[in-house]
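Observations on the model geometry
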Amino acid sequence: MKFSTKALHVGQEPDPHTGAVVPPPYLVSIYEKPSALEMNEYEYSRLDNPTRRSLEENIAALENAKRALSFGSGMAAIAAVAQLAKPGERIVAARNVYGGAYRYFETVSKPAGVEIEWTDVNDDEALERATTDNAKMIFFETPSNPLLEITDVRRVVEFAKSRGVLTVLDNTFATPYLQNPLDLGADVALHSTTKYLNGHSDLLGGAAATNDDEIANVLWAHRASAGAIPSAFDCWLTLRSIKTLSLRMERHESNARKIAEFIADQPKIEKTLYPGLPDHPRREIGERQSRGYGGMISFELANKDAAVRFLDSLELFVVAESLGGVESLIGLPWEMSHKTMPPEFKEKVGITDRLVRMSVGIEDVEDLLADIERALGRL
Ligand SMILES: Cc1ncc(COP(=O)(O)O)c(C=O)c1O
């Protein structure tokens with residue numbers, strides 16, 4: 001079955017009791033036992049829920065995975081995956097990740113005794129040095145947030161396998177429509193479903209997909225115990241949204257390509273980062289491992305003041321946290337998504353206070369271009 005067909009049908013058979021083509025969400029916490037000592041298929045919704053199971057079957061199919069688990073947020077999925085490393089073991093974390101992942105590893109994993117080594121996963125020698133004998137996993141993103149850096153997934157996976165280390169790839173920016181980490185050899189494909197998978201800026205969710213039962217069991221046990229589950233209603237909304245993921249991603253990308261080309265030509269914009277631009281440093285690698293460039297663009301203005309004025313001058317783009325919504329969003333990573341990263345860390349990675357991150361929506365691109373042109377004219 002091809003992607004768009006799976007998105008519509010897997011885990012979403014009509015309701016067997018009523019024939020309802022769209023099964024209603026199971027807004028329920030408890031399930032009657034057949035008798036005092038007999039088990040039901042479902043017991044308690046922290047452990048399992050029919051609507052959540054439908055979503056998980058669907059996401060597993062989209063990621064070509066044996067199993068997928070959904071969570072109450074992308075951070076809850078990251079927190080579960082972090083449990084794969086025990087105290088004394090090491091997580092080799094790409095330094096160009098989402099600021100929330102940085103905060104989790106620094107403020108939760110480290111105090112719990114897990115070593116965190118921040119490294120440039122695109123630098124072979126640095127990766128080699130960071131991957132000590134106690135390394136358990138390499139955690140990375142590609143394209144990365146917010147710099148849209150591309151990492152060669154097969155190269156990282158091959159290296160990790162030679163060391164017996166797991167690879168976890170946060171696939172939030174690409175989505176399974178454009179990239180399948182497990183097909184490239186990664187052990188876990190992770191998502192903030194808050195972003196493109198749900199795509200309507202009205203809920204939070206996360207997911208982790210894997211072919212490895214041992215990994216899935218660790219994640220399941222953590223979630224069952226910690227309780228970071230999504231509500232059945234949010235699972236139902238996410239399932240509904242996934243039905244249009246392929247259409248939305250096509251439009252996000254076609255709009256983003258036109259906007260990136262326009263922005264790259266503007267004298268007031270100093271550096272445009274978009275994996276589809278001809279001068280993107282690892283464009284070819286991106287093309288080998290994914291089926292498109294996505295809807296995210298970052299760029300630098302002359303200074304922070306210009307960046308702030310640009311954001312405040314826009315009329316259509318919404319200045320807000322997050323990304324992947326149908327509406328165009330814009331933010332300053334320095335102040336927003338990466339606020340919790342120390343300034344010197346951000347500078348080392350290349351996130352400046354004049355960097356702007358744009359999540360291109362599915363509006364008419366002519367209106368978006370006019371909005372950008374107008375705001376640039378006011379600088
Ligand atoms: C790449 C990436 N991963 C994970 C997360 C965390 O997801 P959530 O906000 O759903 O907890 C985010 C949030 O912005 C993100 O951008």
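Residues numbered from 1 in each chain as written. Predicted model: local features only at pLDDT ≥ 70, side-chain atom pairs only at ≥ 80, totals over all residues.

1. As for the sheet that holds strand β7 (residues 206-210)
In plain terms, the rule: Note on pairing: DSSP must find at least two bridges between two strands before they are called paired. By definition, any uninterrupted DSSP run of H or I lasting at least four residues is a helix, any uninterrupted run of E lasting at least two residues is a strand, and each is numbered from the N terminus. Lines fitted to C-alpha atoms define the axes, with helix axes restricted to the stretch in contact, and inter-axis angles between N-to-C directions lie between 0 and 180 degrees. We call two residues in contact when their backbone-placed C-beta atoms lie within 7 Å.
Spatial strand order, β1-β7-β6-β5-β4-β2-β3: seven strands in an open sheet with mixed pairing. Looking at strand neighbours, the two that pair on one side only are β1 (67-71) and β3 (115-119), the edges of this open sheet. Sheet twist, expressed as the mean angle between neighbouring strand axes with direction ignored, is 20°. For β1 and β7, the ladder comprises five bridges, and the chain directions are antiparallel. Note that in β7 the partner of L69 across the bridge is A208. Its contacts with the sheet put helix α8 (residues 213-226) on β1, β6 (188-192) and β7, and the angle it makes with β1 is roughly 25°.

2. Considering the environment of L127
Position of L127 relative to the elements: it lies in helix α5 (residues 124-130). Not counting chain neighbours up to four residues away, the residues in contact with L127 comprise T119, V121 and F159.

3. Topic: unusual backbone geometry
Here is the rule we go by: Exposure criterion: with C-beta atoms placed from backbone coordinates, a residue whose C-beta has 20 or more other C-beta atoms within 10 Å is buried, one with 12 or fewer is exposed, and one in between is partly exposed.
The omega angle of the peptide bond from T142 to P143 is -5°, so this bond is cis rather than trans. Topologically, P143 is positioned in the loop between β4 (135-141) and α6 (153-162). Here the residue pair N145 and P146 is connected by a cis peptide bond, since its omega of 5° sits within 30 degrees of zero. Following the sequence through the fold, P146 ends up in the loop between β4 and α6. Residue N64 is not a glycine yet carries a positive backbone phi of 50°. On the neighbour-count criterion, N64 (16 C-beta atoms within 10 Å) is partly exposed.

4. With respect to the pairing of β3
Where we set the bar: With its strands directed away from the observer, a crossover is right-handed exactly when the path from the first strand over the helix to the second travels clockwise.
Relative to β3, strand β2 (residues 90-94) is paired through five bridges, and the arrangement is parallel. Bridging from a neighbouring strand, V92 pairs with E117 of β3. In the classification by handedness, the crossover that spans β2, the intervening helix α4 (residues 99-109) and the parallel β3 is right-handed.

5. What about the domain arrangement of the protein?
Short version of the rule: Marked domain ranges trace back to an automatic or database domain assignment. The classification used treats Ala, Val, Leu, Ile, Met, Phe, Trp, Tyr, Cys and Pro as nonpolar, Asp, Glu, Lys and Arg as charged, and all other residues, Gly among them, as polar.
Domain assignment breaks the protein into domain 1 (3-242) and domain 2 (246-377). On a C-alpha basis, the centroid separation for the pair domain 1 and domain 2 is 25 Å. On the side of domain 2, 33 residues touch domain 1, which itself brings 31 residues to the contact. For the side of domain 1 that touches domain 2, the secondary structure elements donating two or more residues are α1 (3-9), α4, α6 and α7 (175-178). Its residues placed into classes, the side of domain 1 that touches domain 2 shows 16 nonpolar, 10 polar and five charged.

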